[in-house]
Amino acid sequence: MSVTHGQGDETQIELLRDTKRKYESLLGLARALTNHFYSLVQTQHALADAFSDLSQKSPELQEEFGYNAETQKLLCKNGETLLGAVNFFVSSINTLVNKTMEDTLMTVKQYETARLEYDAYRTDLEELSLGPRDANTLCRLDAAQANFQAHRAKYEKLRADVAVKLKFLEENKVKVMHKQLLLFHNAISAYFAGNQQQLEQTLKQFNIKLKSPGADKPSWLEEQ
């Protein structure tokens, strides 16, 4: 007869694994968006240079090429600001999934291993308890009892650890995602509404700082 495990624990663990899979998919999509948008901004930057060059070399169309160059430069500036916000979103989700959730799941794996060991030693003890009570069996029974007690203590400690980590993970997930989803929504909405002031205000609100022009690499590139 194996130990009875709480269904609540098992449900929460399976829910965490399912949530992690879904967040990994979200992370992949957000990274793809960052890469696609980076390519768009690079193309707009090249367009701005081409328009600017043609403005200087085409007196008859200088004004038309000129304002197209300025428009593309503004789009590049806003695009780089949006990329700063989106990359902050990506970085935060990456930390949540691959550090916070993964740390909890490592404890879950230790707990599941301890549970299997506990069940095995419990079964050994029960089988020996049903056997003959000669000197040899009594010696083995004492050893089995000691093993059972040690593994029960380990199992119960890890079960308590998992319960605590699941609770704190849920609280942390809600806190992190509340902030990040608000950031993502506000930044995307401001960019596509063409509201440069609101876009910049969103980055200030979330304390996201962009490197100054001419820095070695754009600040929104995710550290791998």
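As the structure is a prediction and not an experimental result, all values here were calculated from the model.

1. Some thoughts on the overall build of the protein chain
Looking only at helices and strands, the protein chain features four helices and zero strands. Taken from the N to the C terminus, the helices and strands of the protein chain come in the order α-α-α-α. For the protein chain, the spread of C-alpha atoms along the three principal axes comes to 110 × 25 × 25 Å. A buried classification covers 34% of the 224 residues belonging to the protein chain. Across the protein chain, every contact between residues at least 6 apart in sequence was considered, and the portion connecting residues at least 24 apart equals 80%. Counting only carbon and sulfur atoms, one obtains 56% of the accessible surface of the protein chain, whose full area is about 13700 Å². For the protein chain, the centre of its 27 positive side-chain charges and the centre of its 30 negative side-chain charges are spaced 4 Å apart.

2. Overview of unusual backbone geometry
In this model, N207 sits at a positive phi of 55°, which is unusual for a non-glycine residue. The residue N207 is located in the segment after α4 (196-205) in this model.

3. Observations regarding the UniProt feature "domain: AH" (unreviewed entry) in the protein chain
Per the UniProt record, "domain: AH" (unreviewed entry) is found at residues 10-204. The span residues 10-204 carries 94% helix and 0% strand; its end-to-end C-alpha distance comes to 42 Å.

4. Topic: the UniProt feature "coiled-coil region" (unreviewed entry) in the protein chain
Here, UniProt's "coiled-coil region" (unreviewed entry) annotation points to residues 141-172. The span residues 141-172 is 100% helical and 0% strand by assignment, and the distance between its end C-alpha atoms comes to 46 Å.

5. Remarks on helix α3 (residues 135-192)
The end-to-end C-alpha distance of α3, which contains 58 residues, comes to 82 Å, matching closely the 86 Å that a straight helix rising 1.5 Å per residue would cover. Downstream of α3 by a residue or two, G194 has a phi angle that is positive, lying close to 75°.

6. Quick look at the environment of T137
Residue placement: T137 occurs in helix α3. Accessibility expressed as a relative area gives 7% for T137, which makes it buried. Once residues lying within four places of it in the same chain are set aside, the contact partners of T137 are L128 and P132.

7. A word on the environment of C76
By the secondary structure assignment, C76 is in helix α2 (residues 62-129). Note: C-alpha distance between C76 and Q44 (32 residues apart in sequence) is 6.2 Å.

8. Regarding the pattern of salt bridges
Scanning all chains against the criterion turns up 16 salt bridges. R21 serves as the salt-bridge partner of E14, at 3.5 Å between the closest nitrogen and oxygen. Among the residues examined, R21 registers a relative accessible area of 45% and is labelled partly exposed. The shortest N-O distance in the salt bridge between E24 and K20 comes to 2.8 Å. Of this pair, E24 and K20 both sit in helix α1 (residues 7-57), four residues apart, roughly one helical turn.

9. Remarks on the packing of α2 against α3
Across the interface, α2 lies against α3 with an axial gap of 7 Å and an inter-helix angle of 165°. As summarised for this structure, α2 and α3 are arranged roughly antiparallel, according to the angle between their axes. With respect to the hand of their crossing, α2 and α3 are arranged in left-handed fashion. Its residues assigned to classes, the contact of α2 with α3 shows 32 nonpolar, 14 polar and 12 charged.

10. Brief notes about α2
Counted at 1.5 Å a residue, the expected span for α2 with its 68 residues is 100 Å, and the 97 Å between its end C-alpha atoms agrees. Of all the bends in α2, the greatest, near 35°, is centred on E102.

Rules used throughout
- Throughout this description, residue numbers start from 1 for each chain and increase along the sequence as written.
- Given that this is a predicted model, residues contribute local features only at a pLDDT of at least 70 and side-chain atom pairs are listed and counted only at 80 or more, while totals for whole chains, interfaces and linings are drawn from all residues.
- Just so you know, side-chain values use all the structure's heavy atoms and leave hydrogens and water out.
- The way it works is that DSSP assigns letters per residue, a run of H or I at least four long becomes a helix, a run of E at least two long becomes a strand, and they are numbered from the N terminus.
- Each residue is placed in one exposure class: buried if its accessible area under a 1.4 Å probe, protein chains only, is under 20% of its type's maximum, exposed if it is over 50%, and partly exposed if it falls in between.
- Contacts between residues were defined by any pair of non-hydrogen atoms, one from each residue, lying within 4.5 Å.
- Residue-level accessible areas treat just the shown protein chains as cover; the underlying method is Shrake-Rupley with a 1.4 Å probe.
- For the purpose of charge, His is not counted, nor are the chain termini; Lys and Arg are scored as positive and Asp and Glu as negative.
- A charge is said to be at NZ when it belongs to Lys, at CZ for Arg, at CG for Asp and at CD for Glu.
- UniProt positions are given in the numbering used here, feature names are shortened, and annotations may be inferred rather than shown by experiment.
- To estimate how far a helix should reach, multiply one less than its number of residues by 1.5 Å.
- A pairing counts as a salt bridge when a side-chain nitrogen of Lys or Arg comes within 4 Å of a carboxyl oxygen of Asp or Glu.
- Note on method: axes are straight lines fitted to C-alpha atoms, helices fitted across the in-contact stretch only, with angles between N-to-C directions ranging 0 to 180 degrees.
- The cut-offs work like this: below 35 degrees is roughly parallel, past 145 is roughly antiparallel, 65 to 115 is roughly perpendicular, and the gaps in between are oblique.
- Take the far helix as your reference; a near helix turned counterclockwise from it by less than a right angle gives a left-handed crossing, and one turned clockwise gives a right-handed crossing.
- Three categories are distinguished: nonpolar for Ala, Val, Leu, Ile, Met, Phe, Trp, Tyr, Cys and Pro, charged for Asp, Glu, Lys and Arg, and polar for the others, with Gly belonging to the last.
- The quantity called bend is, for any residue, the angle between two axes fitted respectively to the seven residues ending at it and the seven beginning at it.

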